[in-house]
Amino acid sequence: MIYSLAYSLPFVKVAEVITSSMLTGLLPTKISWPCRGLYVFRELQLSGASEAYPWDRSNLKSMDIDLKKFEKVDAYAAKVDVKDTVEVLVGLLLQEAHSELEKVRAIWIWICHHIAYATVGSYSKGEKLSEEDDILKTRRGVCEGYSTLLCQMCSLAGVQCVQLSGYAKGHGYKIGERFLGDGNHAWNAVYLDGRWHLLDSTWGSGTISDDCTKFKFEYDELYFFTHPAIFAEDHFPEDKDWQLLSPPLSQTQFENKIRHEKGFYNMGLLSSFPDTPIIRTVRGKSVIYVEARYPTLFMFDFDGSETFGLMTLHRFRMKLEVYPPAKGSHRLQIYAKPFNSSMSSYARVLRYRVDCKSVDSTVRIPIELNNPVGPSWQTEQKGFLQPSHPDAFIRTQDGRCSVSFRLIEDMDVLATLHSDDLAMTENMTRRHIFKSQLQNRIVLKIQIPQTGIFVLKIFSRSKGALDTRYMYALCYLLTCTNPVVKWPMFPEAYNAWLDSYELVEPTAGVLPANQNIRFKLKVPGVNSVFVNDKKTGALTLSTEGYWEGLFNTAGSKEIDVMIEEAPHTNRYIVILSYEVETK
C-alpha cells in the first residue's frame, strides 16, 4: 500500500511545517526536550517558504510511504529479542535499517510488537513503568514509558525525536467529555525530510479491555506518521503548535470534533457528516452520511437496536436516517466492513450521541424492515439491475404499484409483503404480489390490503442450483395514506403459472357472485385455455395473443383457470385459482 500526498484538496485546514521564521514568538530557536536524561539541542534548519500538509481525505500519512518497502525491516524488527540494554537493542535493529526512515520504522515496529500496556494488576508494586531499562526488561509500560523508550532509541539511532504530552480521546473517553487538569497521554514526533511527523506507539501496539484488566497485541498501522489532520481528532498536545495544523485547533474545537474510530481510516472510509460527535435532531430526525473509497457494507446500533433507523447504500456513500423513539440522549454506533473482505465481523467506525428534543410520531419503522433499504450496488451483486424504483421508499395513493428489475441471470424470484398494523397470514404475504416476467425483466405487481406502512421483501435463487433455498436480496418501504384503500389478494398462482405468462384481468383473487367476469391473460405456447369447464368456459385467442372471454360466477365457490397440458391429451393443469364471494 502506498500512501501518497499527490493531491491538495483540503477537507479541513491542515498543517504547515514549522520553519525557523515561523517559530519566532512561538518557540525558542533552540529547543530542549527531555528524553530520560538525554536532551536534544538542535536548531531547526528548514529551507524556503512554509509548506502545507495537503490532505485529500484518502491520505493517512504525513509523507509518501510505500509500506511494501518496509516488509524486510518489519519482519526483522519484530523478531529481535533483547533484554540487555537499550543500546544493544538499537544496535541490532540498525543492522537491517539504514535510512533514517527505516531506523524509525524498525524502532516503532519493535516497540509495538514487544511492549505490552501495563493494565490494572499486570505489574508489581514498585515497577517503574516509564523507565527505559525497566520497560525493556519487563516488556510493560504506560504511555509515558512507550514514548520515552521510543525517544531514547531514536536518539541512539541519530534521529531527532521529541516526546509530547497532552489530552487524548483514548480508553474511557465519553462523547461530549471536557478535558481538565493535567494531560492524560504521551506520544512522539520525529523529524525527517524537513518535516515533523507524529506517531503514537502506545496506540499502535494494541488494545485494552473495557475494564482495563487485559491487553491484546493488535498492531495498528494508522498511528505511524499519522497525518496531522487525522491525529488531531484524538490527540491535543499541551503546546498547540505540535498539532502541526495551521491554524491550530482550540481545546473547545478539539473537544467538539468527531473522532473517527481507527477502523474508519483503515477501511478506506473518507469522510462523515455531521462532523461533530453530538447530533441534535431536527423535527425528530437526524441524518448521517459516510463516504467510502470502495463499496462497503454498513450496520448500525441505536440504543442497542436497528429498529429506529433507515439505511440506504450507494456505491461510495451510505445514508442513515434515525428517528429516536423518545426524548433525551441516545447512543448511535456505526459499523462497517469492506465488501468481499475476509473480515468475519464488522468494525466500529463512528460513535455519536443523538440528542432528541421532539419525537416524530408519524414515522414508525416496521419490525420486518431489513437495512439497508432499497436497491444498491449490493443488490446489483445479487443480480438485480435497472430497478424501476431506485429510491427505497415507494408512496402510492391508490394502494397499487409495480416494481421491476432486469435480472442478470436466470433466477427464481419470490416476494412477500409485511405489516405491523395488519395480521397477515403466510398466504396473504405472498398473494398481495403478482409476478410476471418478459425475457429477463421481472415485474412485481403489488396491491396493498389497506392504508398504512408495508415492507416489500424480495428473495431469489438460481434456477437449477443444488441449493433450493431462496436468499434475501432487498426490501422496499411502501406507504399509502388513502383510508379508502382495501385491495383483495391476487388469485392463487400455481407452479404451472410461468413467469412469462401475463394476467390482465381479473386481478382480484375473490370474485363477486352471480356476475359475468371478463378474463384476459397471455399464456403463450398452449393449445387451449378455459375457466372451470372446457365447454362453457373456453377462452378465445385474440390476434394480440391474449386468451379472452366471459364467465358467470353463479353457483361457483371456486373458479380455476386451466390449460391443456399437451394437444389432444385431455390432461389439464390448473394455473390460477379464484374464490367466489358468498352471500
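Residues numbered from 1 in each chain as written. Predicted model: local features only at pLDDT ≥ 70, side-chain atom pairs only at ≥ 80, totals over all residues. Heavy atoms only, no water.

With that out of the way, let us pick up the sheet that holds strand β26 (residues 433–438). With antiparallel pairing, the four strands of this open sheet are ordered in space as β22-β24-β27-β26. Two strands lie at the open edges of the sheet, namely β22 (384–385) and β26, each paired on one side alone. Pairing of β26 with strand β27 (residues 441–447) involves six bridges; the strand directions are antiparallel. Bridge assignment links Leu438 to a residue of β27, and that residue is Arg441. (Pairing = 2+ DSSP bridges. Helix = DSSP H or I, 4+ residues; strand = E, 2+ residues; numbered from the N terminus.)

Following the criterion strictly, the structure yields 26 salt bridges and no others. A salt bridge links Glu96 to Lys72; its shortest N-O distance comes to 3.9 Å. Of this pair, Glu96 sits in the loop between α2 (86–93) and α3 (100–114) while Lys72 sits in helix α1 (residues 71–79), and the two are 24 residues apart along the sequence. Lys72 gets classed as exposed once you look at its relative accessible area, which sits at 60%. Between Lys262 and Asp220 there is a salt bridge whose closest N-O contact spans 3.9 Å. (Salt bridge = Lys/Arg side-chain N within 4 Å of Asp/Glu carboxyl O. Buried < 20%, exposed > 50% of the residue type's maximum accessible area, 1.4 Å probe, protein only.)

In terms of nonpolar packing, the biggest core is built from 83 residues, with Leu332 and Ile334 touching the most fellow members. Looking at which element gives the most residues to this core, the answer is α3, with nine residues. For Leu332, the residues in contact, after removing those within four places along its chain, are Ile288, Phe300, Asp301, Phe302, Leu320, Val322, Leu350, Arg351, Tyr352 and Val354. Ranked by size, the runner-up nonpolar core spans 27 residues in total, among them Phe384, Leu407, Met428 and Leu474. (Core = buried A, V, L, I, M, F, W, Y, C linked by side-chain atoms within 4.5 Å. Contact = heavy atoms within 4.5 Å.)

Moving on, we come to the packing of α3 against helix α5 (residues 143–156). As a packed pair, α3 and α5 sit with axes 10 Å apart at the nearest point and diverge in direction by 150°. Here α5 runs roughly antiparallel to α3, going by the angle between their axes. For the crossing formed where α3 meets α5, the hand is right-handed. Residues Ile107, Trp110 and Ile111 of α3 lie in contact with α5, whose contacting residues are Tyr146, Leu149, Leu150, Met153 and Cys154. Grouping the amino acids of the contact of α3 with α5 by side-chain chemistry returns eight nonpolar, no polar and no charged. (Axes fitted to C-alpha atoms, helices over the stretch in contact; angles between N-to-C directions. Parallel < 35°, antiparallel > 145°, perpendicular 65-115°, else oblique. Left-handed = near helix turned anticlockwise from the far one by under 90°. Nonpolar A, V, L, I, M, F, W, Y, C, P; charged D, E, K, R; others polar.)

Taken as a whole, this structure holds 25 aromatic pairs when the rule is applied. For the pair Phe302 and Phe308, a centre-to-centre distance of 6.1 Å together with 65° between the ring planes defines the contact as edge-to-face. Pairwise contacts between aromatic rings join Phe70, Trp108, Tyr219, Phe224 and Phe225 into one cluster. Sitting over the ring of Tyr546, Lys522 keeps its end group 4.5 Å from the ring centre. (Phe/Tyr/Trp six-rings, centres within 6.5 Å; stacked < 30°, edge-to-face > 60°. Lys NZ or Arg CZ within 6 Å of the ring centre and 35° of its normal.)

The end-to-end C-alpha separation of α5 is 20 Å, in line with the 20 Å expected for 14 residues at 1.5 Å each. The buried count for α5 comes to eleven of 14 residues, which makes it a mostly enclosed element. Every buried residue of α5 is listed here: Cys143, Gly145, Tyr146, Ser147, Thr148, Leu149, Leu150, Cys151, Gln152, Met153 and Cys154. (Expected span 1.5 Å × (residues − 1).)

What follows concerns unusual backbone geometry. Of the consecutive residues Phe273 and Pro274, the connecting peptide bond is found in the cis state with omega at 5°. Take Pro274: it is sitting in the loop between β14 (269–273) and β15 (278–280). The omega torsion across Glu505 and Pro506 is -5°, close enough to zero to call that bond cis. Counting through the fold element by element, Pro506 comes out in the loop between β31 (502–505) and β32 (510–511). One non-glycine residue, Leu244, lies in the positive phi region at around 60°. In this structure, Leu244 sits in the loop between β13 (235–237) and α8 (251–256). Phi is positive for Gln439, close to 55°, though the residue is something other than glycine.

The next point concerns empty space enclosed by the protein. Scanning the model with the defined rule gives four cavities of 30 Å³ or more in all. The computed volume of the largest cavity comes to approximately 50 Å³. Residue composition of the lining of the largest cavity, by class: four nonpolar, no polar and four charged. (1 Å grid on protein atoms, 1.4 Å probe; cavity = no way out; pocket = protein on both sides within 12 Å on 5 of 7 lines; lining within 4 Å. Points joined across faces, edges and corners; volume = space filled by probe spheres on them.)

With that settled, the discussion passes to the environment of Ile563. Positionally, Ile563 belongs in strand β37 (residues 558–564). For Ile563, a relative accessible area of 6% puts it in the buried group. A C-alpha to C-alpha distance of 6.6 Å links Ile563 and Phe530, two positions 33 residues apart in sequence. Those residues in contact with Ile563, other than ones at most four positions away along the chain, are Tyr501, Val523, Val526, Ser528, Val529, Arg571, Tyr572, Ile573 and Ile575.

Bringing the sheet that holds strand β18 (residues 309–314) into the picture now. One key point about sheets: their strands pair by backbone hydrogen bonds, in either a parallel or an antiparallel sense. The strand order across the open sheet built from four strands is β14-β16-β19-β18, with neighbouring strands paired in antiparallel fashion. With one partner strand each, in any of the chains shown, β14 and β18 form the two edges of the open sheet. Mean inter-strand twist for the sheet, computed between neighbouring axes without regard to direction, equals 15°.

Should the pLDDT be low somewhere, the predicted coordinates at that spot are not to be read in detail. Mean pLDDT over the protein chain works out to 86, with 88% of the residues at or above the 70 mark. Below a pLDDT of 50 lies the segment residues 1–52, which in the model reaches 119 contacts outside its immediate sequence neighbourhood of four places, other chains included. (pLDDT = per-residue confidence, 0-100.)

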